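Observations on the three-dimensional arrangement
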There are 2 protein chains.
Amino acid sequence: MIPERLHALRAKMKEYHVDACLVPTSDFHESEYVGPYFKCRAYITGFTGSAGTAVITGEDALLWTDGRYFVQAAKQLRDTGVTLMKMGEEGVPTVEEYLQSHIKEGMTLAFDGRVVNDSLGETLAKKLPGVAFSYDKDLVGEIWNDRPALSCEPVWILDEKYAGESASSKLQKIRGKMEACGASVHVLTALDDIVWMLNIRGNDIPCNPVVLSYLILTQKECHLFIQEAALNDEVRSYLDGLGVAIHPYDSVYTYAKELHGETILLEKSHVNYTLCKSLEEQNTLIDGMNPASPLKAVKNPVEMENIRKAHIKDGVAVTKFIYWLKTNIGKIPMDELSVSDKLYSLRQEQEGFLGLSFDTISAYGPNAAMCHYQPTPEDHAQLKPEGLYLVDSGGQYYEGTTDITRTVALGPLTQEEKEHFTVTSMGTLRLGNAKFLHGCIGINLDYLARGAFWERGLDFNHGTGHGVGYLLNVHERPNGIRWRIVPERMDNAVLEEGMLTSDEPGIYIEGSHGIRTENLMLCRKAEKNQYGQFMRFEFVTFVPIDLDAIDTSYMTEKDVELLNAYHKEVYEKISPYLNEEERDWLKEYTRAVEK
Amino acid sequence: MIPERLHALRAKMKEYHVDACLVPTSDFHESEYVGPYFKCRAYITGFTGSAGTAVITGEDALLWTDGRYFVQAAKQLRDTGVTLMKMGEEGVPTVEEYLQSHIKEGMTLAFDGRVVNDSLGETLAKKLPGVAFSYDKDLVGEIWNDRPALSCEPVWILDEKYAGESASSKLQKIRGKMEACGASVHVLTALDDIVWMLNIRGNDIPCNPVVLSYLILTQKECHLFIQEAALNDEVRSYLDGLGVAIHPYDSVYTYAKELHGETILLEKSHVNYTLCKSLEEQNTLIDGMNPASPLKAVKNPVEMENIRKAHIKDGVAVTKFIYWLKTNIGKIPMDELSVSDKLYSLRQEQEGFLGLSFDTISAYGPNAAMCHYQPTPEDHAQLKPEGLYLVDSGGQYYEGTTDITRTVALGPLTQEEKEHFTVTSMGTLRLGNAKFLHGCIGINLDYLARGAFWERGLDFNHGTGHGVGYLLNVHERPNGIRWRIVPERMDNAVLEEGMLTSDEPGIYIEGSHGIRTENLMLCRKAEKNQYGQFMRFEFVTFVPIDLDAIDTSYMTEKDVELLNAYHKEVYEKISPYLNEEERDWLKEYTRAVEK
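Rules and cut-offs
Residues numbered from 1 in each chain as written. Chains lettered and ligands numbered in written order. Predicted model: local features only at pLDDT ≥ 70, side-chain atom pairs only at ≥ 80, totals over all residues. Heavy atoms only, no water. Helix = DSSP H or I, 4+ residues; strand = E, 2+ residues; numbered from the N terminus. Rg over C-alpha atoms; globule rule 2.2 N^0.38 Å. Buried < 20%, exposed > 50% of the residue type's maximum accessible area, 1.4 Å probe, protein only. Areas by Shrake-Rupley, 256 points an atom, 1.4 Å probe, with all protein chains shown as cover. Lys, Arg positive; Asp, Glu negative; His and termini not counted. Charge placed at Lys NZ, Arg CZ, Asp CG, Glu CD. Phe/Tyr/Trp six-rings, centres within 6.5 Å; stacked < 30°, edge-to-face > 60°. Lys NZ or Arg CZ within 6 Å of the ring centre and 35° of its normal. Expected span 1.5 Å × (residues − 1). Contact = heavy atoms within 4.5 Å. UniProt positions renumbered as here; feature names shortened; annotations may be inferred. Axes fitted to C-alpha atoms, helices over the stretch in contact; angles between N-to-C directions. Parallel < 35°, antiparallel > 145°, perpendicular 65-115°, else oblique. Left-handed = near helix turned anticlockwise from the far one by under 90°. Nonpolar A, V, L, I, M, F, W, Y, C, P; charged D, E, K, R; others polar. Pairing = 2+ DSSP bridges. Disulfide = S-S within 2.5 Å. Least-squares fit on C-alpha atoms with pLDDT ≥ 70 in both. Buried area = accessible area lost by both parts, 1.4 Å probe. Salt bridge = Lys/Arg side-chain N within 4 Å of Asp/Glu carboxyl O. Polar contact = N/O pair within 3.5 Å; in protein donor to acceptor, adjacent residues only side chain to side chain. Core = buried A, V, L, I, M, F, W, Y, C linked by side-chain atoms within 4.5 Å.

Under an unreviewed UniProt entry, the name given to chain A is Aminopeptidase P family protein, and the organism recorded is Candidatus Limivivens intestinipullorum.

Shown next, in the form of structure tokens:
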């Protein structure tokens, strides 16, 4: 199937005199996850992970992806004719390095300018002097016959009792930021920033309650480019009340061409190349982070209180799930898909549950060594009463977005599995119990999660934590926890009260097992004294960490203390929502342990 | 005295129509410590600390310094008419902010362009548009009648058995770096980089065995601008053999003016404004870190082995000192100066000792709360058999530079002192025992030293670690350990095998006590596996950490283990060089303790 598609694409490339075709993973808005309409990279390579870039030339078909996906990609690319390029590994060129050595002066590189951000486009232009860019065609789209339609789900209004702040207040703040940097116009295409600002939600990207749209803001005007079929009268009238003018979704490109003499604030790494190209000639561009991003990251007190509620609900669902799993394993048939469905049904029982916040990672045994493995009807494992099962999942609730990973012992474990599980949970607990001075960024704290691994010569090939939205995208900047600065991720902001960040160390042993323990945590203020403002985290995720997989001999006394304190809180917060059997079980599984 | 000097300076300023005078702490080479000739800032303000900047206008006389010196500066500035500006404190403008608000268009700012680096000069020019710079006069120099002469100490050659690499090999590496960045000329004015490159040493800055000089390098030529009286025949002939042409020290400014059409690599933040101004008009400047700096920081195997030896010698001296101190306190009179002299005499007994690597900080009781306190004949404390005494000192040896701090219980301590001492030593030991992946920089690891303080709502107002030279400056970049990135310090390099870094957490309670425990540590490779190259530290400092001040109830079991392991090594390495009484004492003071 993939070879045929590559063949068709290469024919197209010949027709258009194109030497190489770049196919990134993006929609017109630089979204991390994309709707089915936009899955060109998956269509042309067969690799379905959330991150990757394909390059196709007459001779080569290459796919770059990161450490989370090495195992999955290797599996999915087998016999496709597509070569896996492991990002960050020694000796593996980057996409740009590859293009530099293969695409020479006078040749043509094609990409859909709407799915490549302007920063990347500019970098490519600099690194490939004399190479022509063909960016007005969607080559993969031209060969994709049964392509799904563009999503157009209904838009709805997020009540202020959930949002905690009115859209007009948010617009005022953004306009203040525009003024401060001397911008007359702000062009915004990041979907989560747009819907956050307007207090609307939709469903145009699976698991991300966003609305396909562009926004152009001035001090007096607010132009929203959106599929009008997605708007009912209530939403239209609400937007009208905010002073928002409605335009057809696609008309943003012609509207942009008419702007001139403006000073436009936009974030080049988050606005597509085609749109930037149509703005930059007649206007002055200020390239800066969308002002909405750092504002959105700092949850307000109403959001914080709601987030706690959402996580209790979610914690009840996941706790019931683990109880069900551990008491029924070996007694009834279970596979990765069926238990994932069971978890979904338990979340559905929770009031205000709107859907998943990302596709559930339900992985048994060696499958869990693939960080972002997802079972499919064709390819999934049966669960047996032995070894470890990992589930990374989350829900969208009116009260916020959840994201939790638990790894569960389904039966006897090896000593190595116990050590790895214990070390992982130590990392989660140590980081979540950090106290630090205001001014710290993620890399100051990452060692807390990773130190126990590094001491043993172990590591995990992913970040330790990411920001999480409020009833929005499960991955949100500018807060994050990692040990290396990755400038383009822009996730190294100073940790501020109200930021919601994940805490998810793990360990992945190919062919054997995978473990991750993930809680979300709110950043909070601790005491302020002559040394400054101290900060701490507050776990909002409450689900037991499987004591069957803990061996306290690997822990310090302090680690044991943190585990027991966490479990005490889990029992207090979750037990009121359980039936008697579940409650007895939880009592046992949150008991204080000793070293 | 200071008011009279300020009066004289203001008269000069009037004479030259100058509205403000900037007096930084520097020599012509941006050295951290400066010889007596260059102490203009101390002369005009009375503040003798190693870091600070003065600004004098018709109305104001202001001194900026950092947290290490707040207490000392406040004391020394009393009744001088000079106001202390505490850098980094809320509401305190920076030097630049102050100048921006007080020195308006059309006014004139004076500074000696030879003691202001070009980066600062350029920043000031940008931030003070329309302000005239008078940079060709040395205003403080003009009123300083009894100014000391410029140092001109003999230059000597550092044998390759100490340096581990020939000067010609080093010159070849630097020329390779020049070629790589397309520079035809490299202008170098940093004294430690110059003497490192040429394998020479001198004594032109107290405690820093450097030689006042400038160096201009091309692929074929090497021009050294140096006071010829400092050179004997042997050194002349050695330099000649390296292809080094000798020029008078001051002639660098006229020589520089004659260069044209060259591409010159220089580091603007390390080359003075006057020199840069005379180069920039007719040449292309490449602003980059001196290639010598990162090369110098990575000690070669010969240097590493020598460093271990130097630290044993130094450790013997400091251990004997602590034994003497603890056994004689209360029996013979002791004051901060006399015990400092005693320590000096014990270092002098060590073979190959060349002098101190910085002025000894010898501080008893509340004086130790002033991080960089130095006793003077006029102002110093008597030591009593109670409380804590802090000594931060180091030596220059043929085998390297040492820097060690120990805090010693002279008698009964308060519980708070014990807790603070224990927490400090935990920080030192935790950091020194870190294991981490190659790629880590200081801020990844700082939490190890600071975490136990932060947990208690405590902090220390200085970096945790700095690079240390080899028989060179005690403060060296580009390695360092701190929690906040301070770009201008350029001390956040990836930690490489061979880098020598200090590990010196502390705690300072104004009016009560000050504690610091400082070891130097070499960065070493640990195992390499599928996760990457692991790194660790190797302590090279071996002197007991005073068990009389340790309360293990504050420690984790792991902390106790680290302390006992360190003390075991101290005994093994130091005891062979002690007499029987000292050895018995050391046995007792390095005994394994229990929680």
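Alright, that's what it looks like, and here's the rest.
**Observations concerning the overall build of chain A**
For chain A, the count of helices and strands is 19 helices and 28 strands. A globule of 595 residues ought to have a C-alpha radius of gyration of about 25 Å, and chain A, at 24 Å, matches this closely. Across its three principal directions, the C-alpha atoms of chain A cover 70 × 55 × 50 Å. A buried classification covers 62% of the 595 residues belonging to chain A. By element, 49% of the accessible surface of chain A is carried by carbon and sulfur atoms, the whole surface being about 22500 Å². The averaged location of the 88 negative side-chain charges in chain A is 3 Å from the averaged location of its 60 positive side-chain charges.

**Examining the packing of aromatic side chains**
Residue and element names in this part refer to chain A. Under the criterion given, the structure shown has 54 aromatic pairs over all chains. Relative to Tyr273, the ring of Phe111 lies with its centre 5.5 Å away and its plane at 70 degrees, an arrangement referred to as edge-to-face. A residue pair is termed long-range when its members are at least 10 positions apart, and Phe111 in the loop between β5 (108-110) and α5 (118-127) and Tyr273 in helix α12 (residues 273-280) qualify at 162 residues. Feature note: the residues Phe111, Phe133, Tyr135 and Tyr273 constitute an aromatic cluster, connected by ring pairs. A cation sits over an aromatic face here: Lys587 above Tyr571, 4.4 Å from the ring centre.

**Some remarks on helix α18 (residues 557-574) of chain A**
For α18 of chain A, built from 18 residues, the straight-helix expectation of 26 Å at 1.5 Å per residue is met to within 8% by its first-to-last C-alpha distance of 26 Å. In this structure, the buried side of α18 of chain A is in contact with α14 (301-328), β20 (404-409), α16 (415-432), β27 (519-529), β28 (532-539) and α19 (580-589) of chain A.

**What to know about the UniProt feature "domain: Peptidase M24" (unreviewed entry) in chain A**
Under the feature "domain: Peptidase M24" (unreviewed entry), the UniProt entry names residues 305-524 of chain A. The span residues 305-524 of chain A is 31% helix and 25% strand, and its two end C-alpha atoms sit 13 Å from each other.

**What to know about the packing of α18 of chain A against α19 of chain A**
All names here are of chain A. Contact pair α18 / α19: the axes reach a minimum separation of 9 Å and the direction vectors enclose 165 degrees. Between α18 and α19, the crossing angle belongs to the class labelled roughly antiparallel. With respect to the hand of their crossing, α18 and α19 are arranged in left-handed fashion. In this structure, α18 uses His567, Val570, Tyr571 and Ile574 to contact α19, whose residues at the interface are Arg583, Leu586, Lys587 and Tyr589. Of the residues assigned to the contact of α18 with α19, the class counts are five nonpolar, one polar and two charged.

**Examining the sheet that holds strand β1 (residues 20-23) of chain B**
Residues and elements named next belong to chain B. Pairing is mixed in the open sheet, where six strands are placed in the order β4-β3-β2-β1-β5-β6. Since the sheet does not close on itself, it has two edges, and those belong to β4 (83-86) and β6 (132-134), each with one partner. Along the sheet, successive strands turn relative to each other by an average axial angle of 25 degrees, direction set aside. With four bridges connecting them, strand β2 (residues 53-57) and strand β3 (residues 61-65) associate as antiparallel partners. Each bridged residue has a counterpart across the sheet, and for Ala54 the counterpart in β3 is Leu63. Against the sheet, helix α4 (residues 95-102) makes contact with β1, β2, β3 and β5 (108-110), and its axis sits at roughly 10 degrees relative to β2, the strand it touches most.

**Regarding the UniProt feature "domain: Creatinase N-terminal" (unreviewed entry) in chain A**
Mapped onto this structure's residue numbering, the UniProt feature "domain: Creatinase N-terminal" (unreviewed entry) falls at residues 5-133 of chain A. Secondary structure content for residues 5-133 of chain A is 33% helix and 18% strand, while the C-alpha to C-alpha distance between its ends is 22 Å.

**Examining the state of the cysteines**
A complete count under the given rule lists zero disulfides over all chains for this structure. Cys21 of chain A takes part in no disulfide bond, and the closest cysteine sulfur, belonging to Cys40 of chain A, lies 9.2 Å away. With no disulfide of its own, Cys523 of chain B lies closest to Cys440 of chain B among cysteine sulfurs, the gap being 9.6 Å.

**With respect to the relation of the copies chain B and chain A**
The two copies are related by a screw motion: chain B maps onto chain A through a turn of 180 degrees and a shift of 0.0 Å along the axis, at an RMSD of 0.0 Å. Overall, the copies show the geometry of a two-fold rotation axis. Relative to the rotation axis, the C-alpha of Asn444 of chain B is the closest in chain B, positioned 2.7 Å from it. Comparing interface residues between copies, 100% of those in chain B also lie at the interface in chain A; the contact surface is shared.

**Structural notes on the sheet that holds strand β14 (residues 284-287) of chain A**
Residues and elements named next belong to chain A. With respect to topology, six strands assemble into an open sheet ordered β12-β11-β10-β8-β13-β14, the strand pairing being mixed. At either margin of the open sheet sits one strand with a lone partner, and together these are β12 (244-248) and β14. Between one strand and the next, the sheet's axes are offset by a mean angle of 25 degrees, whatever the strand orientation. Where strand β8 (residues 185-188) lies against strand β10 (residues 213-217), three bridges are found, and the strand directions are antiparallel. Counted as the bridge partner of Leu188 is Leu215 from β10. In the packing of helix α9 (residues 191-198) onto the sheet, contacts are made with β8, β10, β11 (222-226) and β12, and the angle to β10 comes to roughly 65 degrees.

**Side note on the interface of chain B and chain A**
In this complex, chain B contributes 33 residues to the contact, which on the side of chain A involves 33 residues. Summing the contributions of chain B and of chain A, the shared interface buries around 2600 Å²; its carbon and sulfur component is 59%. Our count for the contact surface shared by chain B and chain A stands at zero salt bridges. In this structure, the connection of chain B to chain A is made through eight residue pairs in polar contact (both at pLDDT 80 or more). Of all the secondary structure elements, the ones that give two or more residues to the side of chain B that touches chain A are β21 (435-437), α17 (442-455), β25 (506-509) and β27 (519-529) of chain B. With seven residues, the single largest contributor to the side of chain B that touches chain A is α17 of chain B. In the side of chain B that touches chain A, the residues fall into 18 nonpolar, five polar and ten charged.

**Comments concerning the pairing of strand β24 (residues 500-503) of chain A**
Within a regular strand, side chains alternate between the sheet's two faces. All names here are of chain A. Here β24 shows a buried face lined by Leu500 and Ser502 and a second buried face lined by Thr501 and Asp503. Sheet topology places β24 next to β27; four bridges connect them, and they run antiparallel. Paired with Thr501 across the bridge in β27 is Met521.

**With respect to the environment of Cys207 of chain A**
Residues and elements named next belong to chain A. Inspection of the secondary structure puts Cys207 in the loop between β9 (200-201) and β10. Put simply, Cys207 and Leu231 are 24 residues apart on the chain and 20 Å apart in space, counted from C-alpha to C-alpha. Look past the residues within four positions of Cys207 in its chain and what remains in contact with it is Leu356, Ser357, Phe358, Asp359 and Gln396.

**A look at the packing of α5 of chain A against α12 of chain A**
Residue and element names in this part refer to chain A. Taken N-terminus to C-terminus, the directions of α5 and α12 make an angle of 80 degrees; their axes are 8 Å apart at the nearest point. Viewed along their axes, α5 and α12 adopt a mutual orientation that is roughly perpendicular. In this structure, α5 contributes Asp118, Gly121 and Glu122 to the contact, and α12 contributes Tyr273, Cys276, Lys277 and Glu280. The residue inventory of the contact of α5 with α12, partitioned by class, reads two nonpolar, one polar and four charged.

**Structural notes on the pattern of salt bridges**
For the structure shown, the criterion picks out 76 salt bridges over all chains. By sharing partners, the salt bridges in this structure join Glu305, Arg308, Glu497, Arg524 and Glu538 of chain A into a single network.

**A short note on the nonpolar core**
Membership of the largest hydrophobic core comes to 157 residues, with the highest contact counts inside it found for Phe436 of chain A together with Phe436 of chain B. For Phe436 of chain B, the residues in contact, after removing those within four places along its chain, are Tyr447 and Trp454 of chain A together with Leu445, Leu495, Cys523, Gln533, Phe534, Met535, Arg536 and Phe537 of chain B. Core analysis: the next-biggest nonpolar cluster, separate from the first, contains 68 residues, Ile174, Val195, Leu275 and Ile307 of chain A among them.

**Quick look at the pairing of β20 of chain A**
Residue and element names in this part refer to chain A. When you tally the buried positions in β20, you get six out of six residues, the bulk of the element. Covered by surrounding structure in β20 are Ile404, Arg406 and Val408 together with Thr405, Thr407 and Ala409, the residues of both alternating faces. In terms of strand pairing, strand β17 (residues 388-393) meets β20 through six bridges, oriented antiparallel. Within β20, the position partnered with Leu388 by the bridge is Ala409.

**Observations regarding the side chain of Arg347 of chain B**
Residues and elements named next belong to chain B. By secondary structure assignment, the location of Arg347 is in helix α15 (residues 336-348). According to the relative accessible area criterion, Arg347 is buried, its value standing at 0%. Reaching out from Arg347, the side chain makes a polar contact with the side chain of Asp314 at a distance of 2.5 Å.

**Comments concerning the side chain of Glu582 of chain B**
Residues and elements named next belong to chain B. Among the structural elements, Glu582 can be located in helix α19 (residues 580-589). Taking relative accessible area as the criterion, Glu582 reaches 9% and is therefore assigned buried. When sequence neighbours within four positions are dropped, the list of residues in contact with Glu582 reads Lys320 and Tyr323.

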